[in-house]
Amino acid sequence: MKHVPHATSLRRAPVQRRSAERLTRILDACAELLDEVGYEALSTRAVALRAEVPIGSVYRFFGNKRQMVDALAQRNLERFSEQVTERLKQTGDGGWRSAMDAVLDEYLAMKRTAPGFSLVDFGNQIPVGARSAEPNHRVADRLTELLSGYLDREPDEDLRRTFLIAVETADTLVHLAFRMAPDGDAKIIEEARGLLQAYLARVLD
């Protein structure tokens, strides 16, 4: 399935399949180049060359590289949401503990394998080092939407606040784990998992 960012992150939303495929190639190229050269050295021209599209095709969708990276972050969130949903279908009715394991495991998998994710993830590290709170609010909103039915809870402000605290905690500790080791320090990850389980047990049990 092709993942297309929400239209608000684009200058012009793709209408035809060919246009959507071109947008996918642009974002794939952007992700690859982020890993190779970093954000500062990233350019729309380099992305166009890597994606094998005219530079005008890049500007059709994005006014600058920041908008392109924002769209990549939005695509990451869409992929993460779909992967969590699939995981929950496989685990069945395992309760909130298995749901939270699925959320954390899918996030770790993207940290380890998704091109460009180490710099962008859901949008909170560009420019490098500037970790805005807004993306974690988006993730918390998405988890409230995805998991409220699974947990048989109302998607109210209390549940959203619970997920926001969990997301902020996981974000900080996972970043620490990946600063300590390229694939994430296993002991720190397990400490993070235990901390989240203890907090959520107090709120969700």
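For the structure, check the block above.
In this report, we go over the structure that sits alongside the text. Sequence order as written defines residue numbering, which begins from 1 separately in each chain. Per-residue local features of the predicted model are confined to residues with pLDDT of at least 70, and side-chain atom pairs are confined, for both listing and counting, to 80 or more; whole-chain, interface and lining totals are unaffected and use all residues. The side-chain quantities take in all heavy atoms of the structure and omit both hydrogens and water.

**Brief notes about the pattern of salt bridges**
Now for step 1: What makes a salt bridge here is a side-chain nitrogen of Lys or Arg within 4 Å of a carboxyl oxygen of Asp or Glu, nothing more. Following the criterion strictly, the structure yields 15 salt bridges and no others.
Now for step 2: The shortest N-O distance in the salt bridge between Glu32 and Arg50 comes to 3.1 Å. Pair noted here: Glu32 is in helix 1 (residues 17-41) and Arg50 is in helix 2 (residues 44-51), with a separation of 18 residues, a long-range link.
Now for step 3: Throughout, exposure labels follow a simple rule: accessible area from a 1.4 Å probe, protein chains only, divided by the maximum for the residue type, with under 20% read as buried, over 50% as exposed, and the rest as partly exposed. For Glu32, a relative accessible area of 34% corresponds to the partly exposed category. Here a helix means four or more residues in a row that DSSP labels H or I, a strand means two or more in a row labelled E, and each is numbered from the N terminus.

**Focus: the environment of Glu106**
Now for step 1: For Glu106, the position within the fold is in helix 5 (residues 95-113).
Now for step 2: A relative accessible area of 14% means that Glu106 is categorised as buried.
Now for step 3: Residues Glu106 and Arg79, 27 residues apart in the sequence, show an inter-C-alpha distance of 9.8 Å.
Now for step 4: We define a polar contact as two N or O atoms separated by no more than 3.5 Å, with the added condition that, inside protein, one atom must be a possible hydrogen donor and the other a possible acceptor, whereas residues neighbouring each other in sequence contribute only through side-chain atom pairs. Separated by 3.3 Å, the side chains of Glu106 and Arg87 make a polar contact.

**Some points on the nonpolar core**
Now for step 1: Of all hydrophobic cores here, the largest spans 36 residues; its most connected members are Phe80, Met100, Leu143, Leu147 and Phe163.
Now for step 2: Of all elements in the fold, only helix 4 (65-91), helix 5, helix 7 (134-147), helix 8 (157-180) and helix 9 (186-204) reach the threshold of two or more residues within this core.
Now for step 3: By definition in these notes, contact holds between two residues if any of their heavy atoms fall within 4.5 Å. Sequence-distant contacts of Phe80, defined by excluding residues within four places in its chain, comprise Val103, Glu106, Tyr107, Met110, Phe122 and Leu143.
Now for step 4: In terms of nonpolar packing, the next biggest core, distinct from the first, is built from 24 residues, Leu34, Val47, Val69 and Ala71 among them. Side-chain atoms within 4.5 Å are what join buried Ala, Val, Leu, Ile, Met, Phe, Trp, Tyr and Cys residues into a set we call a nonpolar core.

**Comments concerning the packing of helix 1 against helix 4**
Now for step 1: Following both chains from N to C, one finds helix 1 and helix 4 inclined at 110 degrees, their axes separated by 10 Å at the closest point. Taken together, the axes of helix 1 and helix 4 are roughly perpendicular relative to one another. Here the hand of the crossing between helix 1 and helix 4 comes out left-handed. Judged by residue contacts, Thr24, Ile26, Leu27, Asp28, Cys30, Ala31, Leu34, Tyr39 and Glu40 of helix 1 engage Lys65, Arg66, Met68, Val69, Ala71, Leu72, Arg75 and Arg79 from helix 4. Comment: axis = line fitted to C-alpha atoms, over the contacting stretch for helices; angle = value between 0 and 180 degrees taken between N-to-C directions. Small angles under 35 degrees read as roughly parallel and large ones over 145 as roughly antiparallel, with 65 to 115 read as roughly perpendicular and the rest as oblique. Note on convention: the crossing is left-handed when the near helix lies turned anticlockwise from the far helix by less than a right angle, right-handed when the turn is clockwise.

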